[in-house]
2 protein chains.
Amino acid sequence: MSFSSIAILGPGLLGGSLALAVRERMRGVEIRVWARREESAQRARAMGLGDAVSTDAAEIAKGAGLILFCMPIGGMPEVAEQIAGVVERDALVTDVGSVKQPVVERLGRIFRGRAEFVGSHPMAGSDQSGLEAARGDLFQGAVSIVTPEDGTKKETIEAVANFWEKVGCRVAIATPRAHDEAVAVVSHLPHLAAAALVQAALRENPAALDWRGNGFLDTTRVASGPPAMWAEILIENRVAMKKAIHAMIENLAEVSKLLDAEDLGAVELYLAEARLARDRIKKKAIS
Amino acid sequence: MSFSSIAILGPGLLGGSLALAVRERMRGVEIRVWARREESAQRARAMGLGDAVSTDAAEIAKGAGLILFCMPIGGMPEVAEQIAGVVERDALVTDVGSVKQPVVERLGRIFRGRAEFVGSHPMAGSDQSGLEAARGDLFQGAVSIVTPEDGTKKETIEAVANFWEKVGCRVAIATPRAHDEAVAVVSHLPHLAAAALVQAALRENPAALDWRGNGFLDTTRVASGPPAMWAEILIENRVAMKKAIHAMIENLAEVSKLLDAEDLGAVELYLAEARLARDRIKKKAIS
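Residues numbered from 1 in each chain as written. Chains lettered and ligands numbered in written order. Predicted model: local features only at pLDDT ≥ 70, side-chain atom pairs only at ≥ 80, totals over all residues.

1. With respect to the packing of helix H7 (residues 176–204) of chain B against helix H10 (residues 238–260) of chain B
Each pair of packed helices can be described by the angle between their axes along with the distance between the axes.
Residue and element names in this part refer to chain B.
Okay, step 1: Direction vectors running N to C along H7 and H10 enclose 60°, while the axes themselves pass 9 Å from each other. Between H7 and H10, the angle falls in the class oblique. Judged by the sense of rotation from one axis to the other, the crossing of H7 with H10 is right-handed. Seen from H7, the contacting residues are Asp180, Glu181, Ala184, Val185, His188, Leu189 and Ala193; seen from H10, they are Ala240, Met241, Lys243, Ala244, Ile245 and Met248.
Okay, step 2: Grouping the constituent residues of the contact of H7 with H10 by class yields nine nonpolar, one polar and three charged. (Axes fitted to C-alpha atoms, helices over the stretch in contact; angles between N-to-C directions. Helix = DSSP H or I, 4+ residues; strand = E, 2+ residues; numbered from the N terminus. Parallel < 35°, antiparallel > 145°, perpendicular 65-115°, else oblique. Left-handed = near helix turned anticlockwise from the far one by under 90°. Contact = placed C-beta atoms within 7 Å. Nonpolar A, V, L, I, M, F, W, Y, C, P; charged D, E, K, R; others polar.)

2. Describing the confidence of the model for chain A
Okay, step 1: When pLDDT is averaged along chain A, the result is 94; 97% of the residues meet or exceed 70.
Okay, step 2: For this predicted complex, the interface confidence score (ipTM) comes to 0.90, while the overall pTM stands at 0.89. (pLDDT = per-residue confidence, 0-100.)

3. Describing the sheet that holds strand E9 (residues 170–173) of chain A
Residues and elements named next belong to chain A.
Okay, step 1: A sheet is described by the order of its strands in space; here three strands give the open sequence E7-E8-E9, paired in mixed fashion. The open sheet is flanked by strand E7 (119–122) and E9, the only strands paired with a single partner. Looking at each pair of strands side by side, their axes are set apart by 25° on average, direction ignored.
Okay, step 2: Relative to E9, strand E8 (residues 143–147) is paired through four bridges, and the arrangement is parallel. When the bridges of E9 are listed, Ile145 appears paired with Ala172. (Pairing = 2+ DSSP bridges.)

4. Comments concerning the relation of the copies chain B and chain A
Okay, step 1: For these two chains of identical sequence, chain B goes onto chain A by a turn of 180° and a shift of 0.0 Å along the axis, with RMSD 0.0 Å. Interpreted geometrically, this transformation is the action of a two-fold axis. Minimal C-alpha separation from the rotation axis in chain B is found for B:Thr219, amounting to 2.0 Å.
Okay, step 2: Take the interface residues of chain B: 100% of them recur as interface residues in chain A, which is what a same-surface contact looks like. (Least-squares fit on C-alpha atoms with pLDDT ≥ 70 in both.)

5. Examining the interface of chain B and chain A
Okay, step 1: With 83 residues of chain B in contact, the opposing surface of chain A contributes 83 residues.
Okay, step 2: Of all the secondary structure elements, the ones that give two or more residues to the side of chain B that touches chain A are strand E8 (143–147), H7, helix H8 (214–219), helix H9 (227–236), H10 and helix H11 (264–286) of chain B.
Okay, step 3: Looking at the side of chain B that touches chain A element by element, the count peaks at 22 residues for H7(B).
Okay, step 4: Its residues assigned to classes, the side of chain B that touches chain A shows 53 nonpolar, twelve polar and 18 charged.

6. Describing the nonpolar core
Okay, step 1: Grouped together as the largest cluster of nonpolar side chains are 206 residues, with contacts concentrated most on A:Leu9, A:Leu68, A:Met248, B:Leu9, B:Leu68 and B:Met248.
Okay, step 2: With sequence-adjacent residues up to four places away left out, B:Leu68 is seen in contact with B:Ile6, B:Ala7, B:Ile8, B:Leu9, B:Leu18, B:Thr94, B:Asp95 and B:Val96. (Core = buried A, V, L, I, M, F, W, Y, C linked by C-beta atoms within 7 Å. Buried ≥ 20, exposed ≤ 12 C-beta atoms within 10 Å, placed from the backbone.)

7. Considerations on helix H1 (residues 13–25) of chain A
Residue and element names in this part refer to chain A.
Okay, step 1: With 13 residues, H1 should cover 18 Å at 1.5 Å per step; its first-to-last C-alpha distance of 18 Å lies within 8% of that length.
Okay, step 2: The element H1 is extensively covered by neighbouring structure, given that ten of its 13 residues are classed as buried.
Okay, step 3: Taken together, the buried positions of H1 are occupied by Leu13, Leu14, Gly15, Gly16, Ser17, Leu18, Ala19, Leu20, Ala21 and Val22.
Okay, step 4: Structurally, H1 contributes buried residues whose contacts are with strand E1 (5–9), strand E2 (30–34) and strand E4 (66–69). (Expected span 1.5 Å × (residues − 1).)

8. Let's talk about the pairing of E4(A)
Residues and elements named next belong to chain A.
Okay, step 1: Across the two faces of E4 the burial is the same, with Leu66 and Leu68 and Ile67 and Phe69 all buried.
Okay, step 2: By the bridge criterion, four bridges tie E1 to E4 in an arrangement that is parallel. Bridge assignment links Leu9 to a residue of E4, and that residue is Phe69.
Okay, step 3: Relative to strand E5 (residues 92–95), E4 runs parallel, the two sharing four bridges. Bridging across to E5, Phe69 finds its partner in Asp95.
Okay, step 4: Chirality of the crossover, the property in question, places the unit of E4, helix H4 (residues 76–84) and E5 among those that are right-handed. (Right-handed = clockwise from strand over helix to strand, strands pointing away.)

9. So, the domain arrangement of chain A
All names here are of chain A.
Okay, step 1: You can read the domains of chain A as domain 1 (5–174) and domain 2 (179–286).
Okay, step 2: Spacing between the C-alpha centres of domain 1 and domain 2 amounts to 31 Å.
Okay, step 3: Counting from both sides, the interface comprises 14 residues of domain 1 and, opposite them, 13 residues of domain 2.
Okay, step 4: The set of elements that each furnish at least two residues to the side of domain 1 that touches domain 2 consists of helix H5 (101–111) and E8.
Okay, step 5: Per-class residue counts for the side of domain 1 that touches domain 2 are six nonpolar, six polar and two charged. (Domains from an automatic or database assignment.)

10. Focus: the sheet that holds E8(B)
Residues and elements named next belong to chain B.
Okay, step 1: In spatial order, the strands read E7-E8-E9; together these three strands make up an open sheet with mixed pairing. With one partner strand each, in any of the chains shown, strand E7 (119–122) and strand E9 (170–173) form the two edges of the open sheet. Across the sheet, the axes of successive neighbouring strands diverge by a mean angle of 25°, strand direction being ignored.
Okay, step 2: As judged from the four bridges shared by E7 and E8, these two strands associate in the antiparallel manner. Pairing of His121 across the sheet is with Ile145, part of E8.

In structure tokens:
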């Protein structure tokens, strides 16, 4: 795979960071940026983010060898419809959405017979959002999960995987469903749990928030993420989320019973297993 | 209040950090350290932690103007019994336990008529533990909650509050029960939730742990704390914890229903309220 032009649709935290990463690591590749609002386009122009910046999606996508959807999931189909008629026949199309089954189904259908689509989810982000928070090294060391369906061409998977590696990611391959179930547990549930911890404190004992230590601030950090984006993610991934929430509730209820029984050994074992598993993945993160 | 000698019973993370803080900020005060095991005493001596270090609690406590219990809650009564006969009549006695009702009841009874006891809980800590992790600035800016009972003398409360301010804390006053209910929500529940998130992932989808991002690592950081200590804390505070766990389960179940109903607006509101509350306390932490 090689292409001389990349279209980035949506210059937010991820789209902006991708533009910066492509500029740094894929010299010679033209960067084309679409923004929904003229105000965002102007900001992208002022930053020198792309070689071409426009609010006309078809104009930006036309002729691009790789097209990246970097906007909230709900807005993707409309933009896909706008560009589907003008994209190159062999163009690669992917997205950065945090939920894959609904995206792959909707965009897959729109681009069928028109371009080569495969979903992606680079697991990079921060509690900040927007172009202002964009960084060229945001993807450095992050896992990017590429989610082919049965009919996806091997060359498409390889080309998109290759792109993610070029911007600094480690690549994993999974079906859209396996992806959604996994991120429900390691990303979406922690986000909800963080918000629920703040809400539980607000409702049970709001004055107690004055006494929060660093532990509370760490545990709830992701609750400072953008609510509209996260509400959409949780709802799009609701089938897997319901299972994950149920597992969390069962775990909490189990410990509640152990506390009732004053079963010190069993509580210690529960905590020790969790610590061991966490320390193992933390080490992986450092290496 | 003034005293020329402080006894620190238990040179772990908190006791060791207190010794360092007293050395730095209360010049001229003698530091006496008791350790349960000779090995710990030798380590404390090697670090020059105290002016006197011994495994004989009565020897260390005798003559001290302030006696600090810095050991796990369960071990406190036994050591209290060992020293109760030798402490000065006007000695101040306090502790650093994370749960206050059981400690205040047990130690209060042992020292009644023998010394002036009031409970404390400096909310300083880290996911590390032990003397190796001790730092003289651990208490800098931390809240220390002093928990008098009905009969506690005003001078005792003031003297102990004054000590915590000297080592860098902001002081709050609360009844043991109000303390326990508050920390259940802002400290013990987050700890349990962190462990439950790791356990839910392990049980539902262990392979997913390979895809954890920074959000998962932050949200579960406190799960790396010492399991034996935390199991004891959760069980000692089981009455307040049951209420807190119940509140968390109700919050999770509520969101699960909103996801089922695909109620985007309500989920966004839930997340936005949590973000607002968290950002407010985060700002306080910085200022």
